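Each chain, letter by letter, is given below.
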Amino acid sequence: MSSLSLKDVCKSYGSVEVLRDINLEIDQGELIVFVGPSGCGKSTLLRMIAGLETITGGTLEIDHERMNDVPPAQRGIAMVFQTYALYPHMTVRDNMAFGMKIAKKSRSEIDAAIANAARILQLEPYLDRLPKALSGGQRQRVAIGRAIVRNPKVFLFDEPLSNLDAALRVATRIEIAQLKESMPESTMVYVTHDQVEAMTLASRIVVLHGGNIEQVGAPLDLYERPANTFVAQFIGSPAMNLLDAKITAAGETTSVQMPDGGRATVPIASQGSDAGSSVRLGVRPEDLTITESDEFLVSADVDIVEALGETTVLYFMSKNGEAALIAKLPGIHKIAKGTNIRLTAAPEKLHLFDDKGTSFFYR
Amino acid sequence: MNPALQGVITIIVGVGGCIGYFYLSNQFLDKVLFPARGKHIGRNINRANMIRPWLFLFPAIFALALYLGYPVIETLRLSFTDRSLDGAFVGFDNYAQMASEPKFWEAMRNNMLWLIIVPAMSTAFGLLAAQLTDRIAWGNVAKSFIFMPMAISFVGASVIFKLIYDTRPANQDQIGVLNAIWLMFEGGPGSYLFLRLLPAGIVICFALLMAYVLYLALKPLFRREAGAGGSWWSVPLRLFAGFVAAWMIWLSAKSVFSVLAAEFAYGSPQTWLTLPFWNSFFLMVVLIWIQTGFAMVILSAALRGIPEETIEAAILDGANPFQIFFRIKVPQIMGTIVVVWTTITLVVLKVFDIVFAMTNGQWETQVLANYMYDKLFRANDWGVGSASAIVIMVLVLPILVWNVYNARKEMS
Ligand SMILES: Nc1ncnc2c1ncn2[C@@H]1O[C@H](COP(=O)(O)OP(=O)(O)O)[C@@H](O)[C@H]1O
Ligand SMILES: [Mg+2]
């Protein structure tokens, strides 16, 4: 059952097109995360769902009702802002009660809703404080409480953790995950540029880039089967290595050859017409292993070694000084800078992308 | 000598004198008094740095003491002496004499009226203008027009409004705008609407506003809100505010009937500035016209400082524009509103030029500052004149202290 659906939604500011033909179905109870680099239109899309920005094309439906022209307060949504957006002159209680007071709800109803939200978020001791007397994490909880009190069909979060310090961010992220668990019926849309938040919270991730949806899928699906080079490099840290290669044999499995002598046979199907075409071979840094055999992917001199104990990260620079390849090996390896090393990876861990950047899985 | 040349010389002497003073005094401190060499170099540098701030403050402190501190003390002394007894000390005689003069009480009463109406109206109009001009494309042009009166001197503004209030004999064309409008009323339904119902409505609105103020002032006394700690003086202050509000309600309730029943002389031009009681309001309009620009500029900056997200959150909470304005925006800029209000209050308490230029305190428009001028420079009675000056200062002082207190709180 779809509780929120976007059909060909567009947004332009004057002649500047910010979002193009966004199509997305969100089921009830999902926690959808919009992720993407800064400026890709995540906030804009969220604010269009909230009704804070006009929708310049397409249809937005919530519970199968067209919402394009419904005022924000009647869409059945609640939003949590990055800057908390608490009313500074009101106590925590009044902050949470404001919406219900505007809607002329009865005193007992308001008190019950606030008591419930305060219990869920452990805000009871702070109800009569002003926001300025709270810490950042507590303020964000009040902002979430204000959303809960509205009992919305859809919760919208716009980078709710990015104003918190690192430790608090982790704690609040776990709180949000628990909150979602305690409200399995509610739908949440969560915007972030942080892939860790996206991977840990999402039931499905929507990767946005330059106003388009690049891929929609469960977090591990995106990790294991990225649809294109953008998603491949955006999800995962360090980013996936992309090596230029040429197809030497097409068929059930595809054999590729790298310019510097590396080769691989990838269990991904390709057509006969692909033979000889240039592709990009993708391999995640953590999938690379050291090998002695002649069946290697890369053979190069190590430029930088970062020994973290838990892992050892090797950097291989290209001629222009960028990190051309990164390998992340588990455990401790005593490798000196400048050593020539051969790396390989299990064939099923390899990815192939055509010259347009699309994965061979999705062709 | 050519006055322009004199001006240039004054500037050179003034600025050069300042630079010379700061340079030479610091040189003296560092080279002669506490030289940064020899046995006690560390101690000398520390001492020089302790004295240095006072070198910079000295000119300001000296000028303030000479031109503000000394006059205050001298005025206080003069207010206890009598001119006809060769300046003998007469205690509170001058104050007693002043208190027995009806003109003094007229000035007091008028000042109180000014004090309530001008800051309230200026702030309200300023806030309205700030909010509305922010929402339209040509808002900045409108703002400059509203701000322009600030650039006109009080006397200049008085001359403009004297023309607006001007009266010509009945058989001539009226050049005063107000009389021209007045002559359009002839006693029909339009006159009833604009001259009876509308003023009565305004008075009733004012009474309701005061009732709300009363409620706001007294509410926390009955329902102690935890967390929002109040100072010890907040209780008497709230009681006083409540009392003033109740008094205002009583006054407006009384005047509603007189407004509705008033008799008007339709068709004959009025000499507005000689109508007792009303003429004070015609004078106030001048100051409101000037101060609205000031209030608008400050409040507009404050409105822009409100975080956009709080307004968006209120939109999502379902608040309409009025609720957003009164329950989200205004409370957030309350500190600034108070500062604007008290700043205008200070201007009002000292108001002199407008009254002096337009009525000179005749026809029951006297105010304290003009009363003081009358006594001091026309009657040459320095005793009573100084006494009234002291009265003005005593009235201004608490508001000034409060204003500074609020302004500092706003800044931190
Ligand atoms: N009011 C506006 N006028 C013009 N362009 C805008 C406006 N608001 C946002 N944009 C543009 O839209 C794009 C997406 O912005 P946004 O949704 O805030 O990105 P993010 O993904 O970082 O949240 C940005 O390139 C931004 O420059
Ligand atoms: Mg954003």
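Treat the numbers as computed from the prediction; the structure is a model and nothing was measured.

About the criteria used
- Residues take numbers from 1 onward in each chain, read along the sequence in its written order.
- Naming scheme: in the order in which they are written, chains are lettered from A and ligands are numbered from 1.
- Where local features are concerned, this predicted model is filtered to residues with pLDDT of at least 70; where side-chain atom pairs are given and counted, the filter is 80 or more; whole-chain, interface and lining totals use all residues.
- Hydrogen atoms and water are omitted, and side-chain values are computed over all heavy atoms in the structure.
- The split of the chain into domains comes from an automatic or database domain assignment.
- The contact definition used throughout considers only heavy atoms, calling two residues in contact when any of these lie within 4.5 Å.
- Here the quantity called buried area is the accessible surface, traced with a 1.4 Å probe, that two parts lose on coming together, added over both.
- Here, a salt bridge means any side-chain nitrogen of Lys or Arg that lies within 4 Å of a carboxyl oxygen of Asp or Glu.
- Working definition: helices are DSSP H or I runs of at least four residues, strands are E runs of at least two. Numbering for both runs from the N terminus.
- Note that Gly is not counted as nonpolar here; it falls among the polar residues with everything else outside the nonpolar set of Ala, Val, Leu, Ile, Met, Phe, Trp, Tyr, Cys and Pro and the charged set of Asp, Glu, Lys and Arg.
- Proximity is defined per residue: if any heavy atom of the residue lies within 4 Å of a molecule or strand, that residue is considered near it.
- The term polar contact refers here to a pair of N or O atoms within 3.5 Å; inside protein, the definition further demands a hydrogen-donor-capable atom paired with an acceptor-capable atom, and it admits residues adjacent in sequence only when both atoms are side-chain atoms.
- Working definition of a nonpolar core: buried Ala, Val, Leu, Ile, Met, Phe, Trp, Tyr and Cys residues. They are joined through side-chain atoms within 4.5 Å.
- Note on exposure labels: buried denotes an accessible area under 20% of the residue type's maximum, exposed denotes more than 50%, and partly exposed covers the range between, all computed with a 1.4 Å probe on protein chains only.
- Note: two strands are recorded as paired if DSSP finds a minimum of 2 bridges between them.
- The convention used is that axes are lines fitted to C-alpha atoms, helices contributing only their stretch in contact, and that angles between N-to-C directions extend from 0 to 180 degrees.
- Between 65 and 115 degrees an angle is taken as roughly perpendicular, under 35 as roughly parallel, over 145 as roughly antiparallel, and anywhere else as oblique.
- By convention the crossing between two helices is left-handed if the near helix lies anticlockwise of the far one by an angle smaller than a right angle, and right-handed if it lies clockwise.

(A) How the structure looks around the domain arrangement of chain B. All names here are of chain B. Under the domain assignment used here, chain B contains domain 1 (3-78) and domain 2 (102-183 + 267-411). Look at where the C-alpha atoms of domain 1 and domain 2 centre, and you get two points 39 Å apart. Taken together, the contact pairs four residues of domain 1 with six residues of domain 2. Carbon and sulfur atoms supply 80% of the area that domain 1 and domain 2 bury against each other, a total of about 410 Å² over both sides. Sorting the residues of domain 1 by area buried against domain 2 places V72, T75 and L78 first, and these three jointly supply 85% of that buried surface. For the pair domain 1 and domain 2, the interface holds zero salt bridges.

(B) Main features of the interface of chain A and chain B. The partner chain B presents 17 residues to the 22 residues of chain A that form the contact. Taking both partners together, chain A and chain B bury about 1,700 Å²; carbon and sulfur atoms supply 66% of that area. The interface formed by chain A and chain B holds two salt bridges in total. Those elements giving two or more residues to the side of chain A that touches chain B turn out to be helix 1 (42-50), strand 6 (77-80) and helix 2 (92-102) of chain A. Among the elements that make up the side of chain A that touches chain B, the one with the highest residue count is helix 2 of chain A (four residues). Looking at the side of chain A that touches chain B, its residues break down into 14 nonpolar, three polar and five charged.

(C) Looking closely at the site of ligand 1. Residue and element names in this part refer to chain A. Residues in close proximity to ligand 1 include Y13, V18, S38, G39, C40, G41, K42, S43 and T44, which together make up its full environment. In this structure, C40 approaches ligand 1 through a main-chain N or O atom, which is 3.3 Å from an oxygen atom. Taking T44, its side chain carries an N or O atom lying 2.5 Å from an oxygen atom of ligand 1. With three residues, the top contributor of residues to the shell around ligand 1 is helix 1. Counted by class, the shell around ligand 1 contains three nonpolar, five polar and one charged residues.

(D) Geometry of the nonpolar core. In this structure, A:L4, A:L6, A:F34, A:L156 and B:W114 are the most contacted members of the largest nonpolar core, which totals 82 residues. Tallying contributions element by element places helix 10 (residues 278-304) of chain B first for this core, with 13 residues. Ignoring any residue separated from it by four or fewer positions in sequence, one finds A:L156 in contact with A:L46, A:I49, A:A50, A:I77, A:A78, A:M79, A:V80 and A:V189. Counting 46 residues, the second largest nonpolar core, distinct from the first, contains A:V92, A:A97, A:A113 and A:V149.

(E) Spatial organisation of the pairing of strand 11 (residues 241-249) of chain A. All names here are of chain A. Taken together, the six bridges between strand 11 and strand 14 (residues 278-283) define a ladder with antiparallel strand orientation. Pairing of K246 across the sheet is with S278, part of strand 14. Where strand 11 meets strand 12 (residues 254-257), three bridges bridge the pair, whose relative direction is antiparallel. Across the sheet, residue I247 finds its bridge partner in strand 12, namely V256. In this antiparallel pair of consecutive strands, strand 11 and strand 12, the connection spans four residues, and G251 shows a positive phi of 145°.

(F) Geometry of the pairing of strand 10 (residues 212-217) of chain A. One ladder, built from five bridges, connects strand 9 (residues 204-209) of chain A with strand 10 of chain A; its direction is antiparallel. Following the sheet pairing, A:V207 is matched in strand 10 of chain A by A:Q215.

(G) The arrangement of the sheet that holds strand 21 (residues 351-353) of chain A in detail. Residue and element names in this part refer to chain A. Strand order in the open sheet made by the five strands is 13-12-11-14-21, with antiparallel pairing throughout. Since the sheet does not close on itself, it has two edges, and those belong to strand 13 (263-266) and strand 21, each with one partner. Between one strand and the next, the sheet's axes are offset by a mean angle of 40°, whatever the strand orientation.

(H) The arrangement of the domain arrangement of chain A in detail. All names here are of chain A. Looking at the assigned domains, one finds that chain A contains domain 1 (2-234) and domain 2 (241-362). In this assembly, 11 residues from domain 1 lie in contact with 10 residues from domain 2. For the pairing of domain 1 and domain 2, the buried interface totals around 970 Å² over both sides, and the portion due to carbon and sulfur atoms is 55%. Inspection of the domain 1/domain 2 interface yields zero salt bridges.

(I) Region of the structure containing the packing of helix 2 (residues 41-78) of chain B against helix 16 (residues 382-411) of chain B. Residues and elements named next belong to chain B. At a minimum axis distance of 8 Å, the contact between helix 2 and helix 16 shows a crossing angle of 125°. Of the possible angle classes, the one that applies to helix 2 and helix 16 is oblique. You can see that helix 2 and helix 16 cross each other, and the crossing is left-handed. Here helix 2 contributes V72, T75, L76 and L78 to the contact with helix 16, which in turn contributes W382, G383, S386, A389, I390 and M393. Its residues assigned to classes, the contact of helix 2 with helix 16 shows seven nonpolar, three polar and no charged.

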